[in-house]
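Coordinate analysis (summary)
The lines below spell out each chain.
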Amino acid sequence: MPTFVYMTRCDGCGYCVDICPSDIMHIDTTYRRAYNIEPNMCWECYSCVKSCPQHAIDCRGYSDFAPMGHSVRALREEEKGTISWKIKFRDGREKNFVSPIRTTPWGSIKSPSDYAAPSQAAFKAQELAHEPEALNIGKLPALTPDRLKQGVV
Ligand code: SF4
Ligand code: SF4
């Protein structure tokens, strides 16, 4: 099930709009509430669910942790650095999981604008921006012909 917004809980803050990698969470221009404009394109990544401060977004849980007929609530607590999952199964059982959101301090990840602009030569290179130093390695591993299956080259 793609995301579904409870309009009575949504306050139109737009966090879900900013974070959706599919760009399908939009604010209704009449009601000023969020809604999923293209449910078929939702890949249930949960980004909007986790970002919503009002717990206004419902989404199906993945089948590996919640079978059909359940409900899932995700609670993101920045001050504790955790995300909690409350799963209610259709037979009434309830399970709660708590996981760390990250291992570095909140807000410590640099934004792209904090990095120097890449050179013209970097645009033609195979590496992505700031590779390999951002990966804490000297050089990206690469296949050499002698490591390929015999007969391929
Ligand atoms: S679950 Fe992911 S893809 Fe679907 S609407 Fe939310 S952020 Fe977008
Ligand atoms: S993040 Fe939640 S409260 Fe904010 S616009 Fe989206 S659904 Fe509404």
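About the cut-offs
- Residues numbered from 1 in each chain as written.
- Chains lettered and ligands numbered in written order.
- Predicted model: local features only at pLDDT ≥ 70, side-chain atom pairs only at ≥ 80, totals over all residues.
- Heavy atoms only, no water.
- Helix = DSSP H or I, 4+ residues; strand = E, 2+ residues; numbered from the N terminus.
- Rg over C-alpha atoms; globule rule 2.2 N^0.38 Å.
- Buried < 20%, exposed > 50% of the residue type's maximum accessible area, 1.4 Å probe, protein only.
- Contact = heavy atoms within 4.5 Å.
- Areas by Shrake-Rupley, 256 points an atom, 1.4 Å probe, with all protein chains shown as cover.
- Lys, Arg positive; Asp, Glu negative; His and termini not counted.
- Charge placed at Lys NZ, Arg CZ, Asp CG, Glu CD.
- Near = heavy atom within 4 Å.
- Nonpolar A, V, L, I, M, F, W, Y, C, P; charged D, E, K, R; others polar.
- pLDDT = per-residue confidence, 0-100.
- Pairing = 2+ DSSP bridges.
- Axes fitted to C-alpha atoms, helices over the stretch in contact; angles between N-to-C directions.

Observations concerning the overall build of the protein
If you tally the helices and strands in the protein, you get 3 helices and 7 strands. Along the protein, helices (α) and strands (β) appear in the sequence β-α-β-β-α-β-β-β-β-α when read from the amino end. Radius of gyration (C-alpha) of the protein: 21 Å, far over the 15 Å computed for a compact globule of 153 residues. In terms of overall dimensions, the protein has C-alpha extents of about 60 × 40 × 35 Å along its principal axes. Put simply, the protein has 153 residues, and 23% of those count as buried. Here the contacts in the protein between residues at least 6 apart in sequence split such that 34% fall between residues at least 24 apart. Surface summary for the protein: the accessible area is close to 11,400 Å², and the carbon and sulfur share equals 55%. Separation of charge centres in the protein, based on 19 positive and 18 negative side chains, amounts to 5 Å.

Points about the site of ligand 1
In the vicinity of ligand 1 lie 14 residues, with C20, C42, C45, Y46 and C48 positioned nearest. Of the residues belonging to the shell around ligand 1, the class tally is 9 nonpolar, 4 polar and 1 charged.

Focus: the environment of P39
Tracing the chain through its elements places P39 in the loop between strand 3 (34-36) and helix 2 (47-51). Judged by its relative accessible area of 37%, P39 falls in the partly exposed class. Counting along the chain gives 26 residues from P39 to F65, while the straight-line C-alpha distance between them is 22 Å.

Observations concerning the confidence of the model for the protein
Per-residue pLDDT for the protein averages 87, and the proportion of residues at 70 or more is 97%. Mean pLDDT across the elements of the protein ranges from a minimum in strand 5 (residues 71-77), with 84, to a maximum in strand 2 (residues 25-27), with 97.

Some thoughts on the site of ligand 2
Taken together, 14 residues form the shell around ligand 2, and within it C10, C13, G14, C16 and C52 come nearest. Split by residue class, the shell around ligand 2 holds 10 nonpolar, 3 polar and 1 charged.

A few points about the sheet that holds strand 6 (residues 82-88)
Adjacent strands of a sheet form backbone hydrogen bonds with each other and so pair up, either parallel or antiparallel. Strand order across the open sheet formed by 3 strands is 5-6-7, with antiparallel pairing between neighbours. Every other strand in the sheet has two partners, leaving strand 5 and strand 7 (94-100) as the edge strands with one partner each. The average angle at which neighbouring strand axes cross in this sheet is 15°, direction not considered.

Thoughts on the environment of A74
For A74, the position within the fold is in strand 5. Not counting chain neighbours up to four residues away, the residues in contact with A74 comprise V49, H55, S84 and W85.

Quick look at unusual backbone geometry
Residue E131 is joined to P132 through a cis peptide bond whose omega torsion reads 5°. Summarising the element assignment, P132 is placed in the segment after helix 3 (120-124). Positive phi is not limited to glycine here, since R32 has a value of about 55°. Among the structural elements, R32 can be located in the loop between strand 2 and strand 3. Given a relative accessible area of 47%, R32 falls into the partly exposed group. For N136, which is not glycine, the phi torsion reads 60° and is therefore positive. In this fold, N136 is placed in the segment after helix 3.

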